[in-house]
Amino acid sequence: MKVMKFGSGMRKIAIVGSLHGNETIGKRVIEKLAHDPGMGASIKAIVANEDAIRAGTRFVDTDGNRCFPGKRNGNVEERMAFGVLRELGGYDDVIDIHSTYADMDDTVIITRRRSLGLARMAPVGRVVLMSRKIAGGRAINDFPKRCISLEFNRNRSVGHVSEVVRETVDNILCSRRQAARKRYYLVNGLLKGDGRPRNMRNYSLVKKGTAIKLDDGQVMKSGGDFYPIFLGEKGYGGTICMKAVELKMWK
Ligand SMILES: [Zn+2]
């Protein structure tokens, strides 16, 4: 774990990157922002899973975003999670950066409603509330007062992701909701299986009764309406995608 402090100002904001070692974008964005002279907040930035980065893997022992609050004498990721939370003491606003193989729009993930205000400050069009059933209360989002995880497709540039993080910081500083319209979703289930559906796209509604055609020839019937999210991500074994409903009342 590497901890950096930069920027100046009364407001303290934390940025976490590379909880997953194969998502080096977080590390690269932190290194870029550390050299940005215009950060108007006191930033503490944490490059979390350096062991997994060195190994070139998502994690060494266990998923680094499913083992919070961690353990002082646990395995590699449990010790990392424990150390990350210790560093986040006194930081009420946490921005956590991830990347995904899924071909999907930039997305803000929260696991608790109290992070909704923070999510609205990110210049990102999709906000996803992950139910406890899915994240299990073991994600980083479950611990700080307010925490958002930003998810970007792996092809997004360091420049793009840095701008999103920077603008989020600026919006926090002046308590400004990001102006662009957002859509809100609740993830409340998983589509289990191993194949890849040929007729589904992230954030594109799948109607109840739709025949989901997998590339191995198998066909599944959708039991209800849902929006696929994280379709194409490789990090969730045995899961084709997450299933979400739209939360219209949050607009
Ligand atoms: Zn991740």
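Residues numbered from 1 in each chain as written. Predicted model: local features only at pLDDT ≥ 70, side-chain atom pairs only at ≥ 80, totals over all residues.

(A) Layout of unusual backbone geometry. Residue P69 is reached from F68 by a cis peptide bond, and omega for that bond is 5 degrees. One non-glycine residue, S18, adopts positive backbone phi at about 60 degrees. Summarising the element assignment, S18 is placed in the loop between β2 (12-17) and α1 (25-34). Looking at S18, the number of C-beta atoms within 10 Å reads 28, which means it is buried. Although it is not a glycine, Y203 sits at a positive phi angle of roughly 60 degrees. Positionally, Y203 belongs in the loop between β8 (183-192) and β9 (211-213). (Helix = DSSP H or I, 4+ residues; strand = E, 2+ residues; numbered from the N terminus. Buried ≥ 20, exposed ≤ 12 C-beta atoms within 10 Å, placed from the backbone.)

(B) Inspection of helix α3 (residues 76-87) at higher detail. Taking 1.5 Å of rise per residue, twelve residues should cover 16 Å, and α3 covers 17 Å from first to last C-alpha, within 8% of that figure. Where α3 is concerned, the buried positions are E77, M80, A81 and V84. Taken around the axis of α3, the buried residues stretch over an arc of 100 degrees, which confines them to a single face. Here the buried face of α3 lies against β2 and β3 (42-47). (Expected span 1.5 Å × (residues − 1). Arc of directions from axis to C-beta. Contact = placed C-beta atoms within 7 Å.)

(C) Spatial organisation of the pairing of strand β5 (residues 107-110). By the alternation rule, side chains of β5 split into T107 and I109 and V108 and I110, which are all buried. Of the pairings in the sheet, the one linking β5 to strand β6 (residues 126-130) comprises four bridges and is parallel in character. By the bridge assignment for β6, I110 is matched with L129. As judged from the three bridges shared by β5 and strand β7 (residues 146-153), these two strands associate in the antiparallel manner. Opposite I109, over in β7, you have S149 as the bridge partner. (Pairing = 2+ DSSP bridges.)

(D) Molecular detail of the packing of α1 against helix α6 (residues 158-173). As a packed pair, α1 and α6 sit with axes 9 Å apart at the nearest point and diverge in direction by 65 degrees. Comparing the axis directions of α1 and α6 gives the class roughly perpendicular. Read as a crossing pair, α1 and α6 show a hand that is right-handed. Listed contacts from α6 to I25, R28, V29, K32 and L33 of α1 are V158, V161, S162, V165 and R166. (Axes fitted to C-alpha atoms, helices over the stretch in contact; angles between N-to-C directions. Parallel < 35°, antiparallel > 145°, perpendicular 65-115°, else oblique. Left-handed = near helix turned anticlockwise from the far one by under 90°.)

(E) Local environment of the sheet that holds β3. In space, the ten strands of this open sheet follow the order β1-β3-β2-β4-β7-β5-β6-β8-β12-β11, with mixed pairing throughout. Two strands lie at the open edges of the sheet, namely β1 (2-6) and β11 (227-229), each paired on one side alone. If you compare each strand with its neighbour and ignore which way they point, the axes differ by 30 degrees on average. Judged from the five bridges that link them, β1 and β3 form a sheet pairing that is antiparallel. By the bridge assignment, M4 is partnered in β3 with A45. Along the sheet, α6 contacts β2, β4 (93-100) and β7; its crossing angle with β4, the most-contacted strand, is approximately 160 degrees.

(F) Here's a closer look at the domain arrangement of the protein. Along its sequence, the protein is organised into domain 1 (2-173) and domain 2 (188-250). Relative placement of domain 1 and domain 2: their C-alpha centres are 26 Å apart. Taken together, the contact between domain 1 and domain 2 spans eleven residues of the former and twelve residues of the latter. Among the residues making up the side of domain 1 that touches domain 2, the classes are represented as five nonpolar, two polar and four charged. (Domains from an automatic or database assignment. Nonpolar A, V, L, I, M, F, W, Y, C, P; charged D, E, K, R; others polar.)

(G) Broad picture of the nonpolar core. Core analysis: the largest hydrophobic core is formed by 66 residues, its most contacted members being V16, V108, V128, I148, L150, V165 and I229. Residues from two domains meet in this core; each of domain 1 (2-173) and domain 2 (188-250) gives at least three. Setting aside anything within four residues of it in sequence, one finds V165 in contact with I15, V29, L33, I95 and I97. (Core = buried A, V, L, I, M, F, W, Y, C linked by C-beta atoms within 7 Å.)

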